[in-house]
Structures are given as structure tokens and as C-alpha cells.
Amino acid sequence: MDIFCIKAVSLGDLEKVLISHDGAGPGSGWFLDKIVIKHKEGEEAHEIVFPCNRWLDEYQDDGKTERELTANKHGSSMKRFLKGKSCFPAIVFYTIVFAV
């Protein structure tokens, strides 16, 4: 599993994300389970899940290396109140990737 943390400004209410790779080099394909984006506004933390469960690989699945993912409306934008002790960057991108 790979986790990428990126500090950025708020992107607002996300509905879709586009993810891809250039396919350069042998074994460049990977399986993407989902993308989870977490962000904090004040004392509220939000989490948006973009399920994929597909390969981004020229030789697997449908051969595509680009996917447009739609937010999971059931369970996305989950809100929870923090007690002020968590250290959250503005936005965190979690991707679960399995390389072959």
C-alpha cells in the first residue's frame, strides 16, 4: 500500500478525480483499490472515498492507464469531530496500489 500526503488548499466538495500514468517502463501497471481524500475545516474532518478496484495497466483488465473515479455517495464526506489533538494536513491522498 502506498500513501501520499500532499498539503494543499481546500478543493471544496469533490465529485470526481482523474488518475493516470504514462505506462513508461516494464511493469509500470498497477492495481488501484481506491483513493481516499481527507481534509480538515476548522474542527471538522471530512473524508471522500473514490472506489476504483481496477487495473491501470496496458496488459491487464481493459488495457486503460487512465480512470475517472466518482465519489462514493454512501459513506463519502463522512464528518467527525476532532478533539483538537490530531495533526491533519490540509488534504491527504491515500491510494492503495499493488504493483506487479
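Source: prediction; values computed, not measured. (Residues numbered from 1 in each chain as written. Predicted model: local features only at pLDDT ≥ 70, side-chain atom pairs only at ≥ 80, totals over all residues. Heavy atoms only, no water.)

Asker: I'd like a description of the packing of aromatic side chains, backed by residues and values.
Answerer: What the rule picks out here adds up to one aromatic pair. Both rings, one in F31 and one in W55, keep their centres 5.6 Å apart while their planes meet at 70°; by these two values the pair is edge-to-face. Of this pair, F31 sits in strand 3 (residues 30-41) while W55 sits in strand 4 (residues 44-56), and the two are 24 residues apart along the sequence. Considered together, F31 and W55 belong to a single accessibility category, that of buried residues. (Phe/Tyr/Trp six-rings, centres within 6.5 Å; stacked < 30°, edge-to-face > 60°. Helix = DSSP H or I, 4+ residues; strand = E, 2+ residues; numbered from the N terminus. Buried < 20%, exposed > 50% of the residue type's maximum accessible area, 1.4 Å probe, protein only.)

Asker: So, the environment of K73: which residues are in play, and what are the values?
Answerer: Structurally, the position occupied by K73 is in the loop between strand 5 (66-70) and strand 6 (78-81). C-alpha of K73 to C-alpha of V49: the two residues are 24 residues apart in sequence and 8.5 Å apart in space.

Asker: Tell me about the pattern of salt bridges, and please be specific about residues and values.
Answerer: Under the definition given, this model contains six salt bridges. Across the salt bridge formed by E47 and K38, the nearest N and O atoms sit 3.4 Å from each other. K38 shares its class with E47; the two are buried. The network of salt bridges with shared partners includes R54, D61, D62 and R67. (Salt bridge = Lys/Arg side-chain N within 4 Å of Asp/Glu carboxyl O.)

Asker: Describe the environment of L32, listing the residues and the values that go with them.
Answerer: The topology assignment puts L32 in strand 3. You can call L32 buried: its relative accessible area is 0%. For the pair L32 and L56, spaced 24 residues apart in sequence, the C-alpha to C-alpha distance is 7.2 Å.

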